[in-house]
Amino acid sequence: MPAAGSEGEEGPAGEQAGPGTPKLCGYLQKLSGKGPLRGFRSRWFVFDPRRCYLYYFKGPQEALPLGHLDIASACFSYHQPEAGAAAAGDEAAAFEVHSPNGTVAVLKAATRQDMTYWLQELQQKRWEYCNNLDAAKRDSRTSPTPSDFSKGLVAKDNPDLTILSQNASAERARNILAVETSPTDLVGEQAASQPAPVQPSAINFSLKQWSTEIKNSMSSLRKGNNENRKSVFYTTEEWELLDPTPKDLEDSMALEEKRKHLAEGSKGLTSSAFPFDFGRIPHKTRRPLKDMIGSSKNRNSSDSSPTEWYSGNGNKLVSELQLKYQSQQEELEKLKKELLSQKELVRLLQQTVRSSQYDKYFASRLCEGVPKDKLELLHQKDDQILGLNNQLEKLNLEKDSLQQEVKNLKCKVGELNEQLGMLMETIQAKDEVIMKLSHQLSECEDNTSSQSGAVNSSVATCTNKELQELDRLKDNLQGYKTQNKFLNKEILELSALRRNAEAREREWQAKYTSLEAKLCQIESKYLILLQEMKTPVCSEEQSPAREVITQLLEDALKAETSEQPEQAFFKPHLVSEYDIYGFQTVPEDDDEEKLVAKSRALDLRSLSLSENREISTGVKWENYLASTMNREMMRSVELKNLIRSGIPHEHRSKMWKWCVNLHVKKFKDSTVPGYFQTLLQNALEKQNPASKQIELDLLRTLPNNKHYSSPTSEGIQKLRNVLLAFSWRNPDIGYCQGLNRLVAIALLYLEQEDAFWCLVTIVEVFMPRDYYTKTLLGSQVDQRVFKDLMSEKLPRLHAHFEQYKVDYTLITFNWFLVVFVDSVVSDILFKIWDSFLYEGPKVIFRFALALFKYKEEEILKLQDSMSIFKYLRYFTRTILDARKLTGIAFGDLNPFPLRQIRNRRTYHLEKVRLELTELEAIREDFLRERETCVEKRDLISDDEEDS
């Protein structure tokens, strides 16, 4: 494919994409809302190849998606703008995603190039998903793409992946119709570091969107100033809103009134309806709103209209000069007013001083010989004189102001006369141009009338041909439109038919699964019945019934072949030779064991089919992983409960690697890059005392698993490398029998280096010291701790073992040493390992107790030590219901504090060390006695015999 497969494309065989393949993500605007709030909102879109979903988030750093679009069942089309749209090109880069349920999602890219790229990539992803996955997996929407399968040995033979053969003609047509395009900066992972594109139109304003943005920003601030948790609404600028003073409000309102008066006398100019001017300020600097108001006073009283604003640089320069001039004029008027008010205040003060001096003079000179009534009359006259003087001054001020207004009016009249004169001159010039053009038009008409006779015939011929061609093109266009409508209708009908067929197929698949589970149960019971009906070997009677039962047993145990494909098509393949982990389901040597193993495999298959019909756990895992697409996974109660229910097969490799890295992060941070390869190189080049024992145990590790069954198996070499590297890292341990099985299980889902760190996690982090040393001190301590827990959690069973003197630690010792490898069926084993790698060694105690509790009643029925011990050797292989066992381990055995286990380990560790000290003392006494006594010189100890 061309560029359509450039991002995350996989080959036709479902090969895994390279680790550097970018994922499909970026900014798009989604049409949402209702009524006047309906409009495009910027969202961050991420494509999930596991489910073919297109998730959309508020921003790149958000954890939970707002929703998703099902691309696997969707169809795409260009978006037609609604009637009455503001601009024809406003929605030129918009497209629609039609879902099967009838909903239509309208998305808009920043450019047509981005829109073409998104449509091309989504179409390619839909093609890959639907073409590469099996029909049953595609219906459930839970099967991952080939790039998400396990990275260990089980990835080589995954039965869940079925690659369909591609149609050559369809591929050729897709290549021809593909469009070569490349994304811009708003598509891809690099777009997450860029700000979201801003919608220029502010008509669709949503208060709800503002509230969600504020909540999102506040939530990110509460979590700390972490750059990785910044909201998508975070910018490098800050707002600071302060309450304005009353004087500022009065000045702003007065300024607004002036703007309104000036706007009435000019056309094309509009004033702001909002009294404040919100300005942005640089980051880490704050600017109060009152400063903004003060700055708004110095601005122009009228703003340019949108058409004048974008008219050109020359108009901008002129408007800026006008704004500066008008602002200076306003400042000058303001200063004049202040000067007049100050002069008025000085004049009033001078009058007050003169009147006070006058009163003082008359009071001192004339008050002695003048009667009081005349003095009062004199004062009244003085008051009248002062009042008349004040009125005269006010009238003089009014006269001055009226004269000033007359001057202003005369100036305005002069300006209007000048404008009128300019307009008259313009009208006169236009009249002259019109007259000149009319004369030219009349001359042209006279000239063309003389030439029209000669040209009419040729023009008529050309016109007829053009009209005929135009009619033909119109007919073709109408035909194409009709054909397009028909094909669109046909596509919709075929899509509906396909959905109906898929629904019927899902129903048939569910019925088939149910019948297959019942068939497994019936065949299991049939095998057991044949075994019970078979005559004992000691009987010499040869009856026809015995021959028939023997023949039926042979037919039941016969391996299924592909000699009759027509019968194999109708008969389900109930039990395969190997399970999905590579373990052999039915042994090849003993018929008795083969019969029991096949019956057990059929029961396990029946349980597995019944659990697969309940997809609640798978849906929970898909939802959780979708919520962690844009953030790192962290320890939580939700994740612990999911892991306890079992990690799905397709996600186990990823989750195991995450759990291992969680526990050994401090070790890995202190090592240099290539640490594992360095250890392996040293172990191979230099003398390693553990290499001989490792080579002896390689083929004895998991002989019933096809990945380790022969010297040429791929798992053998990986197993050797991991064990050699670990022995070089831990020379005190070197190699202990049991480590090989731990590594073998880890390699089924992890690569070599990850399996090495998994072994480091188990030996150095989870288990106590001396757990895998030569003395196995830690293992012995855990067996004593387990005995204490048995007496506490299962007192009846513990008393039963004590009564018949059965030492069950001989069985459980291997459970703890290799974490139940080769002790339980594979499905239960890997569920135990899921919880073990996340929670630690406490899980081993939980499941060991749960196994005994699961079969407690059957064990209590046994009444002799031989039968009890024989039953304990194989009873764990008969437990098949993993859900019930998990419920017992994590539900019925609570409370289960880790502190109690640690305290008991400390207590028993001292006791075991004392016992080992006593044994060492007895050994030294024996050696001294053997040297002194001649009769005992031929005696040797077990250690000497081994050496």
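Residues numbered from 1 in each chain as written. Predicted model: local features only at pLDDT ≥ 70, side-chain atom pairs only at ≥ 80, totals over all residues. Heavy atoms only, no water.

Engineer: Teacher, can you tell me more about the overall build of the chain here?
Structural biologist: Summing up its helical and strand segments, the chain has 31 helices and eleven strands in all. Counting only residues that meet the buried cut, the chain has 35% of its 947 residues in that class. For the chain, contacts bridging at least 24 residues in sequence account for 70% of all contacts bridging at least 6. When the accessible area of the chain is evaluated, it comes to approximately 58,300 Å², of which 56% is carbon and sulfur surface. (Helix = DSSP H or I, 4+ residues; strand = E, 2+ residues; numbered from the N terminus. Buried < 20%, exposed > 50% of the residue type's maximum accessible area, 1.4 Å probe, protein only. Contact = heavy atoms within 4.5 Å. Areas by Shrake-Rupley, 256 points an atom, 1.4 Å probe, with all protein chains shown as cover.)

Engineer: What am I meant to see in the packing of helix α14 (residues 637-644) against helix α25 (residues 826-839) here?
Structural biologist: A pair of packed helices can be characterised by two numbers: the angle between their axes and the separation between those axes. Two elements in contact, α14 and α25, have axes separated by 8 Å at closest approach and are oriented at 150 degrees. Overall, the two elements α14 and α25 adopt an arrangement that is roughly antiparallel. Residues Leu-639, Lys-640, Ile-643 and Arg-644 of α14 lie in contact with α25, whose contacting residues are Asp-834, Ser-835, Tyr-838 and Glu-839. Split into classes, the residues belonging to the contact of α14 with α25 amount to three nonpolar, one polar and four charged. (Axes fitted to C-alpha atoms, helices over the stretch in contact; angles between N-to-C directions. Parallel < 35°, antiparallel > 145°, perpendicular 65-115°, else oblique. Nonpolar A, V, L, I, M, F, W, Y, C, P; charged D, E, K, R; others polar.)

Engineer: Explanation requested: the packing of α25 against helix α26 (residues 842-854) in the structure shown.
Structural biologist: Contact geometry for α25 and α26: axes closest at 8 Å, N-to-C directions at 145 degrees. On the side of α25, the interface is formed by Ile-832, Ser-835, Phe-836 and Glu-839, while α26 contributes Val-843, Ile-844 and Phe-847.

Engineer: I keep staring at unusual backbone geometry and nothing clicks. Help me out?
Structural biologist: Note on backbone geometry: most residues besides glycine have negative phi, and most peptide bonds are trans. Geometrically, the link from Asn-894 to Pro-895 is a cis peptide bond, its omega value of 0 degrees lying close to zero. Its place among the elements puts Pro-895 in the loop between α29 (882-892) and α30 (898-932). Within the chain, Leu-776 stands out as a residue other than glycine whose phi angle is a positive 55 degrees. Along the chain, Leu-776 falls in the loop between α21 (752-766) and α22 (777-793). The phi dihedral of Lys-805 is positive, around 55 degrees, even though this residue is not glycine. As for its position among the elements, Lys-805 is in the loop between α23 (795-803) and α24 (809-818).

Engineer: Can you walk me through α25 in this structure?
Structural biologist: What sets the pattern is the α-helix's 3.6 residues per turn: residues three or four places apart point alike. For α25, which comprises 14 residues, the first-to-last C-alpha distance of 20 Å matches the rise-based estimate of 20 Å (1.5 Å per residue) to within 8%. A large share of α25 lies buried, amounting to eleven of its 14 residues. Of the positions making up α25, those classed as buried are Ser-826, Ile-828, Leu-829, Phe-830, Ile-832, Trp-833, Asp-834, Ser-835, Phe-836, Leu-837 and Tyr-838. Looking at the residues trailing α25, positive phi occurs at Gly-840, about 110 degrees. (Expected span 1.5 Å × (residues − 1).)

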